[in-house]
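# Notes for the structure review
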Amino acid sequence: MERQQYFPTIGLEIHAELKTQTKMFCDSLNNPDETRPNVNVCPVCLAHPGTLPVINKAAVRHVLRMGQAIDGVLADYSEFDRKSYFYPDIPKGYQISQYQYPLVAGGSLAGVAVTRVHLEEDTARSIHADGASLVDFNRAGIPLMELVTEPAIHDAETAGRFARELQLLLRTLEAGDANLEKGEMRIEANISVSPDEGVLGTKVEVKNLNSFRSVERAIAFEIDRQSTALRSGNLVVQETRGWDETRQCTFSQRLKEGSADYRYFPEPDLPKFVLSEQRDLLTSALPELPWNRRMRYAQSFALKDETIEYLVNAPERSILFDAVAGELGNDKKLVSLAANYLVGDLAGIQARQENGESISVDPTAFAQLIRLIASGELSSRGGKDTLELLVAQGGDPELLAREHGLLQIHDSAALAQTVAAVLAAEPKAVEEYRSGKQAALQYLVGAAMRASRGAGNPNRIQELLLEAIK
Ligand SMILES: [Zn+2]
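Residues numbered from 1 in each chain as written. Predicted model: local features only at pLDDT ≥ 70, side-chain atom pairs only at ≥ 80, totals over all residues. Heavy atoms only, no water.

## Observations regarding the environment of A69
Rule in force here: Strands here mean DSSP runs of E at least two residues long; helices mean DSSP runs of H or I at least four residues long; both are numbered from the N terminus. By definition in these notes, contact holds between two residues if any of their heavy atoms fall within 4.5 Å.
Looking at the secondary structure, you find A69 in helix 1 (residues 57-69). For the pair A69 and L169, spaced 100 residues apart in sequence, the C-alpha separation works out to 8.3 Å. Not counting residues up to four positions away in its chain, the partners in contact with A69 are L169, L173, L286, L289 and W291.

## Here's the deal with the sheet that holds strand 4 (residues 81-84)
As a reminder, the rule being used: Here, strands pair whenever DSSP counts at least two bridges between them.
In spatial order, the strands read 5-4-16; together these three strands make up an open sheet with antiparallel pairing. Two strands close off the open sheet at either side, each with one partner strand: strand 5 (94-97) and strand 16 (265-266). When strand 4 meets strand 5, the two strands line up antiparallel, connected through four bridges. Across the sheet, the residue bridging to D81 is S97, located in strand 5.

## Some thoughts on the packing of helix 5 (residues 305-312) against helix 7 (residues 332-351)
Convention followed: Angles shown run from 0 to 180 degrees and are taken between the N-to-C directions of axes, each axis being a line fitted to C-alpha atoms and, for helices, limited to the stretch in contact. In these notes the angle categories are as follows: under 35 degrees is roughly parallel, over 145 is roughly antiparallel, 65 to 115 is roughly perpendicular, and the rest is oblique. Each crossing gets its handedness from the near helix: less than a right angle anticlockwise from the far helix is left-handed, clockwise is right-handed. All amino acids are sorted into three groups, where Ala, Val, Leu, Ile, Met, Phe, Trp, Tyr, Cys and Pro are nonpolar, Asp, Glu, Lys and Arg are charged, and the leftover types, Gly among them, are polar.
Where helix 5 contacts helix 7, the two axes come as close as 10 Å, and the packing angle between them is 65°. Viewed along their axes, helix 5 and helix 7 adopt a mutual orientation that is roughly perpendicular. The handedness of the crossing between helix 5 and helix 7 comes out as left-handed. Seen from helix 5, the contacting residues are T307, Y310 and L311; seen from helix 7, they are A339, L342, V343 and A347. Looking at the contact of helix 5 with helix 7 residue by residue, the classes come out as six nonpolar, one polar and no charged.

## Description of the pattern of salt bridges
Here is the rule: Counted as salt bridges are all cases of a side-chain nitrogen of Lys or Arg within 4 Å of a carboxyl oxygen of Asp or Glu. For every residue, the accessible area (1.4 Å probe, protein chains only) is compared with the maximum for its type, and the residue is labelled buried under 20%, exposed over 50%, or partly exposed between those bounds.
Inspection of every chain in the model, using the stated rule, returns 27 salt bridges. Among the salt bridges present, the one from D33 reaches K182, with a minimum N-O distance of 3.5 Å. Of this pair, D33 sits in the loop between strand 1 (7-17) and helix 1 while K182 sits in the loop between helix 2 (156-172) and strand 12 (185-194), placing them 149 residues apart in sequence. Given a relative accessible area of 45%, K182 falls into the partly exposed group. E388 serves as the salt-bridge partner of R352, at 2.5 Å between the closest nitrogen and oxygen. Taken together, the residues R352 in the loop between helix 7 and helix 8 (363-374) and E388 in helix 9 (residues 380-393) connect sequence positions 36 residues apart. Under the relative-accessibility criterion, E388 is labelled partly exposed at 36%. Several salt bridges share partner residues, and in doing so they unite E17, D122, R139 and R186 into one network.

## Some words on the packing of aromatic side chains
Defined as follows: Any two rings among Phe, Tyr and Trp, with Trp reduced to its six-membered ring, count as a pair given centres within 6.5 Å; such a pair is stacked if its planes are under 30 degrees apart, edge-to-face if over 60, and tilted if neither.
Scanning the model with the defined rule gives 10 aromatic pairs in all. The interplanar angle of 65° and the centroid separation of 6.4 Å between the aromatic rings of F221 and W243 together place this pair among those described as edge-to-face. Linking F221 in helix 3 (residues 212-231) with W243 in strand 14 (residues 239-244), this pair joins segments that are 22 residues apart in sequence. Looking at F221, the relative accessible area reads 26%, which means it is partly exposed. Of the residues examined, W243 reaches a relative accessible area of 5% and is grouped as buried. On the numbers, 6.1 Å between centres and 75° between planes, the contact of Y262 with Y264 is edge-to-face. The rings of Y85, Y99, Y262 and Y264 are connected pair by pair, giving a single aromatic cluster.

## Section: unusual backbone geometry
One non-glycine residue with positive phi stands out, namely N38, at about 55°. Here N38 is to be found in the loop between strand 1 and helix 1. Phi at A178 is positive, roughly 55°, even though this residue is not glycine. By secondary structure assignment, the location of A178 is in the loop between helix 2 and strand 12.

Next up, the structure:
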């Protein structure tokens, strides 16, 4: 019997905490690094009676810029709504969110259509420990962006790629740090399978996806689980499932509530938005977006795809690369050499940092180093060593290389002395070369390189050796 084929459909709902000075509706600090509980709180975010929320424009601006970046439609009219539900981490008994009139509708990212992007407030954090439940309200009221995609994804890899690209975009726009492990970006996947392509099956929502890998694995797991259930004549139940990282599987959490349960209605304490009257929110231009940057690197410098990804995937790396390229006059050959040292050696030094702290290097000095390597004054070995010194102590790469005897010796007199000493010490090899053994010459070049501690230019050494042997 032929195995029944099932078509998966996936939609993502991604929440991201936005980077602002203060919270969404009050002036308590928005500091995700605060470790003391209940420090960044006030009567508004603790929902004391009689307090009123005030909209944080910086948060609105982040969402609108996100909308511009993904080519979405920015709303002419927008409003906030109350989403009512009871939970200890939500002091008001409702969350201020957006329902009918989100700030952004449509758009696309990484080839996936986006339904909407809206703004809401984060909940407090519940901590369950030692038989007690505690609530930390530092997070309550932090501005939270929610982006919902169309059910337009059909495999786990595309979902992972979308989420990674959104993280990069948030960082590029400086809208958020979006660290998954810190809960600054939270991904939920709606997954269904169907025997008919284009028809949606019963959807299951998976939460607790704390890394891009778990997003991909949980989706692959669900596609398999649901297809297997249907193949053996069972039904897929509409429910919310969690991802068990240890066992690498999803597990049932609860049956899904419908949206009607939240009793959405317009927030009476906040003004409506007529965006045409809020032009100040949209004044500054967007930075170069990741996809444009990839195209520019490919066209201007003909870099390899992996090199481009490495540089583009962290804004601080592309900023450094662009600065170095500028210092090198955007010379294709020099810039591509610089890219190799950034992707290879500098990344290697970064990876060896014990504290994981991010290393920095002055772009002007880095460009000078690349010029020294390109001109042959530094060998590739000398270049690597000089880069280590540059990262560790800064300064002028030529001076550093000179101080540490890393510059290639062009000085013929000094090299000639080294060569003469090698010839005197290796009479046997000289004899072998004279009797026609080419390998002996390479041996002598190597010996002279070692004698000059790697600073001798190998081509020049070979020339001098040949002259002396004749
Ligand atoms: Zn507050």
